[in-house]
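Structure assessment
One letter stands for each residue in the lines below.
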Amino acid sequence: MTSSQTTDPNVTGIGTSRQRPDAVAKARGEFEYATDLLEKDMLWGATRRSPHPYARIKKVNLNRAKEMPGVHAVLGAWDVPDNRFGAINNDQPVLVDDYARYVGEPIAIVAAEDPELARRAANAIEIEYEPLVPIIDPLDALAKGKIHRHVKYSFGDPTVVGEIQVEGEYFTARQDHSFMAPDAGMARPDGHGGVEIIGATQWVHADRFQIAASLGLPEEKVLVVNSGVGGAFGGRVSMTWQIHGALLAMHTNRPVKFLYSRKEAFHARYHRHPSRIWIRHHATKEGKLLKVEAKVLYEGGPYSHTSAAGIGNGCTLIQGPYNIPNADIEGWAVATNNGMCGPLRGFGVLQGVFACESNLDKLARKLNMDPAKLRAVNAIKRGDQWIFRQIQDRPTPVQEIIEKCSAMPLPPDLPSDEGKIHPVHLPGGIASPTGKKYIKRGIGFTSAVKNVCLSEGAPVNATAMITLRDGAAVIECAAAEVGQGFVTIACQIVQTVLGISEVRIERVDTSMPAAATTDGSQQTVTSGTAVQVAAQTLKERFLKFVAREHNLDVNTLDMKDNFVIDKTGKKFTSIAEAGMGLIFRATEKFSQRNTRPIDDMESNDPVHVTLGFSANRCVVDVDTELGLVKVVQMDVVQDVGRVVNPVQAHGQIEGGAVQGMGLGLMEHLKAEDGHLLNPDWRGYHIPTIVDAPTINSEFVSYPEPGYHFGWKGIAELPHVQAPASVLAALRNATGLELPMAPATPEYVANVLDDNEAMAMNVASGDKKRGPWKVPPPPPQTGPWVSDA
Amino acid sequence: MIIQSPFLAVVESINEALDTKQKRPSSRFISGGTEVIADQNLGLLEPEGYISLRRIKELHTIEPKSDGLYIGAGVVVAQLLDDKAMAQVILLKKAARAFGTRQVRNRATVGGNIASGLPDRTLLPCLLALEATVHLQSAKGKRSLPIKDFLIEPGKTAISKDEILTGTTVPYVKGFQEYYMVGPRNAQFFVTACLALVVDEANKNVRLGLGNAGPTAMRAKEAEEYANNAIDWKKQTVDETIAIKFGEIAAENCSPVSDAAASAAYRRHAIKVMSKRILLRAFERKQ
C-alpha cells in the first residue's frame, strides 16, 4: 500500500492522514519549543560537571560563586533532600557527593541573572578531585563483577549440535539521540510551597515521582508539564536538568530556566548501550535453524538506570523472528565510566537483532542460500514457542512479510551516461571523487522482531478521560506527545468511535491520571486503547441519554458524521443538539496483559506483551576503494495491525529507517579513557536529507487481538533493523565481514591503522576475543525490582 | 539585570575598523560569524567585543584585474557560485558548491575561511593550487604575501593582531581545475580529506593542494614534481601507472592526524586514491 504523502487538517477518523495540530507552526518556525520558554524575572541555571571519568570528590567550595553579584543560588549535594534517584533503582546522585563516575556528571548547580553569568559562576566553584582509574572496557567491568544484571537461560536441548555452525562477534557503537531541541525547560515555584516543571519529557508521571522524592515533597506538590518537545527517541526518559531546576526554583523562589548547549547535552544524555555480542547459529544443511547460542554484553553507565531492561530485551529478541527449537543464552549489562546509557529507539533489541542478522548473513553465504529464503524457511509462526518460553499467540505474518519485501521492485541501475547522474545520488555527494566505474552495488536483506510495550513485569497501563459537550469532545490523557503522533491518533480514535469531527486533546501534565510512558512503541496500543475504551463508554452513556429523552430503543441508535442515526442510517438529530447543552464524560483505564521477568520460572505470563515484525531490503552503491556509500533504496514491509494515520505510519518508518541507517554508517560517539571524543555535531554525524535513501514502505495488517481496533506499535522496528540491513548490503558489495556498526568509510574501504583496527565500541581498543569467561555470580537484581 | 554582553562596533571603512581595533585591542574582527560565534558559544573565546566588517563595501567586490581575479575578504561563499567573473576561476566555483550548507554559504566569507588557517577548510587547498596572494592591511600600511607563506600552523597564520585580511588575488590559469573531498556522510561536513588540482597548460605543470592532510593545508610538491616530468605534455595524456605513482607520492609526503572522524591511515589512503583519480580525470577529458 502506497498512499499519498500529504496530510489534511480536516479529515477525520481512523485511517485518514489527519494533520498534526502543530504542523504549520513547526514548518513556519513558530512552534514554541522548551528551549524557547521565557518568563518574567526568570533566572538561568548552569551546571558544574565532573571533568573526570572517575574521581573522589575531596572538597567542594561554593563560596566564590555565591559571592558573585547576580548569582542567586549555588547548590551542592548537601542541598538535595534525598540525593539518590533513578529510573528504576535509586542508585544515582542528583549531585555528586562522594565519587564522580563519568565525565559530565553534575556536581553543583547555579542560578543567576543571565546565562553567561551562571556559566561563569559554575566555573568559579572550587572542587578538589582525587582522580581514580576508571573502568573503560566492558570486558574489564565484567571481569571485575561490575554487573547491573546477569541473564542466563536455556531452551529445549542446549546440547544439540548442528551440521552447519556459524559464529561471529558483532559490535554496535554508542549512539546519541541527537534530537533537535537540546535539554531545556523551566522550573517555577507554584506559590503554594510546590514547584512546576515545564519542559520536554516522555513520561510526566515518572518525572514527577523522581523530582518529588529528591525534593522530599509529596507528589501533589510537583506539577510536571510536557511542553515543546523537539524530538525524544527514548532520550527524554532520562532526567537531566529537571531536579536541578526544581531545587533552584525552590531555593530562589524565582523561575529558573535551563538550556543545555549541544556539547553539554552530549555529556548529560544517556546514550544507546554499546554492545559486544558473540553468537553461534546451528543449522541443518538445508538451512533450518536448530540452535542459537549467544553471549551478550551491553555497556551500561556507572549507574543502573534502565540497563537491566535493555539486556533483557537483547537476550530474548536476539532470537530474531525465527523458530529456533534450542537455545543457550547468557548476557550481562555492565558498569563502565564512559558515560550513562539508557533507552534509545529500539531499546536493547537493536543490538541483538544486529548480531543475529549479521550472523544469519554469514550462514546464508556459507549455505550459498538466498538470504531472504533462509529467513523465510525459518520464519516463526503462530503457535510456535519463543526461546524465552512464550507462546507466539498472536498473528505472525513473518513469512508473508519476508516474501512481500523480497518481491518489491529493485531500483534501476545507475544510468550509463555519467553526465546524467546528479552527484548527490553518488557515494560521497557533491565533489565526491567517485564515478560510475568505481561503484559496486550491494543488496542486503534482514527481518526483525521488536517487543511492543515494556516487558518483564513492568506495569503498562493508561487512563483517559473524554468530555463531550455540544457535539465536540476534549481528550485528557497524560500520554506524552514527542512527535510520534499521539495528538492526532487520539483525536482520530474519538472521531471514529463517537462519529464526531470536533475533537481536541489537552496539553499533558501530572494533574491528569497517569498514562503509559512514550516508550517501547506502546502509546497507540496502550493509551490509544484507553482513549477508545473511554470513548466507547461515553458513547453508551450519551446514547442512553438520547434514547431516554426521545423514548427510543438505545439499541437502534448510533453516532455518525456528527449526527445521531438509526439503524438504517437515517439522521435523527445532530449530536450537538441531542446533548442539550449537557456535559457527558467518561474515564477509563486500560492495562496491558501482565508479563514476567525472563528468569521467573513459576509464572506462565509472557515475557513480552506482544511482538511486531518487519523486513527490510537495502540497496547501496559503494565506492569500495574509498569506502564511500550511498544508500539507494530501502524497502520495508511491516506488520502494523491497523493503520490509524497512513502518513504518520509511513513517516515513522522513513524516520526510523534513516535514524537506523545513521547507526549503520556514521553515528559513533567515541570515548577515550572515559572522555567523549566527538560530543558535538561537528564530530558526531547524523544523516542529512542528501544521505536519506528512497524508502518504500508497505504494511501487512492483521488485527491484533486484545484491542478493539486491532492496532500494533510500529515506531521502533524500522530503526531496529536498519543498521543490520545497511551492513548486509555493504557486505554484499565489498565482500568484507564488517562486524561493526557503524561501518564508517575506513571500515568499508578496509583501511585501518593496526592499533585502531579493533577499537570498536570499547575505548581501550583491546583485541580479546569472546566468548568470554563467566564472571562471579551477580547480585540478585531482577529488572524493575528495586535493589536497596 | 546585569548586562555583560560584549560590545559590537559596526564600521563602514577599513580605516575605521583599524582605528577601533587600536582603541579596543582585545576585541575581535567578525564578518559572517559562522566560525567566531560558534567558538564563542563553545566558550573557546571570550573577546572584549566585536568589530563587524560586514558594512565595509570595498571588502565585498569581485574584480577581474590584470594579475588575476581580486576577491574581497567579505565576499560570501554564495557569491563565488553566482558571480559571473568566477567563470575565470572555475576551481573556486566548484569548491564553493561543496562548501557547507546553503545557509552557511550565504553567511561565511572568503576572508574568514582563509584567516581561520585550519587544515580542513575548503578554500585553502584551492588557493594553494592556484597560487593566490593574500592582502593584509594595518594602520602601518598594506602588504601582500603568497598564500603558502600565510599559513603557518593549525589556526595560526601570518596575520598580526592589528591587521585585517582585505582580500585575495587569484591568478588566471588555463587548464583543468577540480576539487575532490571525502567525509563522514554525503553532505555538509568538515572534510575528512580534500584536494584541489590545477593543470597549468601554459607552463606545463600541475599543482595539487591538499586539505586536512597535515597541520595546515599544503601543496603536494613531491607528487607535482614527479607528475610534471612524467606527463606527456605533447600528447596530453597520463597513463594509469603514472596516476597511481602520483597518488602514492602525495600520500607518502603528507602527515594527516587521527581523530574521531577517521584514522591517519584512512586520510593518507584517501589522498592517494583521490590524487590518482583526479589526475586521470584531468587528462581523460582531453581525449
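For clarity, every value in this text was computed on a predicted model and none was experimentally measured.

Across its full length, chain A carries 17 helices and 33 strands. Rg of the C-alpha trace for chain A: 27 Å, near the compact-globule value of 28 Å for 788 residues, within the 12% margin. Projected onto the principal axes, the alpha-carbon positions of chain A cover approximately 80 × 70 × 65 Å. Each of the 788 residues in chain A was classed as buried or not, and the buried ones make up 65%. For chain A, contacts bridging at least 24 residues in sequence account for 80% of all contacts bridging at least 6. Counting only carbon and sulfur atoms, one obtains 50% of the accessible surface of chain A, whose full area is about 27,900 Å².

Spatially, the three strands line up as an open sheet ordered β6-β2-β8 (chain A), and their pairing is antiparallel. Edge positions in the sheet fall to β6 (99-100) and β8 (126-131) of chain A, since each of these pairs with one other strand and no more.

A separate point is the interface of chain B and chain A. Tallying the contact residues gives 37 residues for chain B and 43 residues for chain A. Summed over both partners, the interface of chain B with chain A buries about 3,300 Å², with 53% contributed by carbon and sulfur atoms. When the buried area of chain B at its contact with chain A is split by residue, B:Arg185, B:Asn186 and B:Arg277 rank highest and sum to 23% of it. The interface formed by chain B and chain A includes seven salt bridges. Residues B:Lys276 and A:Glu625 are paired through a salt bridge, measuring 3.0 Å at the closest nitrogen-oxygen approach. Linking chain B with chain A are 15 residue pairs in polar contact (both at pLDDT 80 or more). Secondary-structure elements contributing two or more residues to the side of chain B that touches chain A are β11 (177-182) and α11 (264-284) of chain B. Residue contributions to the side of chain B that touches chain A peak at 11 residues, all from α11(B). Looking at the side of chain B that touches chain A residue by residue, the class counts come to 22 nonpolar, seven polar and eight charged.

To continue, consider the pairing of strand β20 (residues 439-452) of chain A. Residues and elements named next belong to chain A. The buried fraction of β20 is high, at 11 of 14 residues. Pairing of β20 with strand β28 (residues 610-623) involves 14 bridges; the strand directions are antiparallel. Across the sheet, residue Arg441 finds its bridge partner in β28, namely Asp621.

Here chain B shows a mean pLDDT of 94. Residues at 70 or above account for 97%. As a predicted assembly, this complex carries a pTM of 0.95 together with an ipTM value of 0.95.

The full count for this structure, using the stated rule, is 59 salt bridges over all chains. One salt bridge in this structure joins A:Arg276 and A:Glu169, with 3.0 Å as the shortest N-O distance. Of the two residues, A:Arg276 is situated in strand β15 (residues 275-283) and A:Glu169 in strand β10 (residues 164-172); the sequence distance between them amounts to 107 residues. Across the pair, exposure class does not vary: A:Arg276 and A:Glu169 are buried alike. The salt bridge involving B:Glu35 is made with B:Arg121; its shortest N-O contact spans 2.5 Å. Taken together, the residues B:Glu35 in the loop between β2 (28-30) and α2 (36-41) and B:Arg121 in the loop between α6 (110-116) and α7 (123-130) connect sequence positions 86 residues apart. Since its relative accessible area comes to 24%, B:Glu35 is described here as partly exposed. By sharing partners, the salt bridges in this structure join B:Glu131, B:Asp200, B:Arg207, B:Arg219 and B:Glu224 into a single network.

Residues and elements named next belong to chain A. Taken together, four strands build an open sheet; the order of strands is β20-β28-β29-β32 and the sheet is mixed. Of all strands in the sheet, those bounded by a partner on one side alone are β20 and β32 (694-700). Recorded for the sheet is a direction-independent mean angle of 15° between the axes of neighbouring strands.

Another aspect to go through is the nonpolar core. Residue and element names in this part refer to chain A. Ranked by size, the top nonpolar core spans 90 residues in total, and within it Ile279, Ile329, Leu363, Ile387, Met634 and Leu730 carry the most contacts. Setting aside residues up to four positions removed in sequence, Leu363 forms contacts with Ile164, Val166, Ala283, Leu289 and Leu374. Core analysis: the second largest hydrophobic core is formed by 89 residues, Leu215, Leu248, Val256 and Val494 among them.

Below, the discussion takes up helix α1 (residues 14-23) of chain B. All names here are of chain B. If you check which residues of α1 are buried, you get Ile14, Ala17, Leu18, Thr20 and Lys21. An end-on view of α1 places all buried positions within 160° of arc, on one side of the element. Summarising the geometry of α1, the exposed residues directed more than 90 degrees from the buried face are Asn15, Gln22 and Lys23. Next to the buried residues of α1 lie β1 (7-10), β2, β3 (49-52), β6 (133-138) and β10 (164-170).

All names here are of chain A. A cis amide bond, omega 5°, links Ala741 with the succeeding residue Pro742. Here Pro742 shows up in the loop between β33 (740-741) and α17 (745-748). Unusually for a residue other than glycine, His305 sits at a positive phi of about 45°. Residue placement: His305 occurs in the loop between β16 (289-300) and α8 (307-317). Phi at Leu738 is positive, roughly 45°, even though this residue is not glycine. Looking at Leu738, the relative accessible area reads 6%, which means it is buried.

This part takes up the side chain of A:Gln319. Residues and elements named next belong to chain A. Among the structural elements, Gln319 can be located in the loop between α8 and β17 (326-335). On the basis of relative accessible area, Gln319 is assigned to the buried category, the value being 1%. At a separation of 3.0 Å, a polar atom in the side chain of Gln319 contacts the main-chain amide nitrogen of Ile387.

The rules we used
- Residues numbered from 1 in each chain as written.
- Chains lettered and ligands numbered in written order.
- Predicted model: local features only at pLDDT ≥ 70, side-chain atom pairs only at ≥ 80, totals over all residues.
- Heavy atoms only, no water.
- Helix = DSSP H or I, 4+ residues; strand = E, 2+ residues; numbered from the N terminus.
- Rg over C-alpha atoms; globule rule 2.2 N^0.38 Å.
- Buried < 20%, exposed > 50% of the residue type's maximum accessible area, 1.4 Å probe, protein only.
- Contact = heavy atoms within 4.5 Å.
- Areas by Shrake-Rupley, 256 points an atom, 1.4 Å probe, with all protein chains shown as cover.
- Pairing = 2+ DSSP bridges.
- Buried area = accessible area lost by both parts, 1.4 Å probe.
- Salt bridge = Lys/Arg side-chain N within 4 Å of Asp/Glu carboxyl O.
- Polar contact = N/O pair within 3.5 Å; in protein donor to acceptor, adjacent residues only side chain to side chain.
- Nonpolar A, V, L, I, M, F, W, Y, C, P; charged D, E, K, R; others polar.
- pLDDT = per-residue confidence, 0-100.
- Axes fitted to C-alpha atoms, helices over the stretch in contact; angles between N-to-C directions.
- Core = buried A, V, L, I, M, F, W, Y, C linked by side-chain atoms within 4.5 Å.
- Arc of directions from axis to C-beta.

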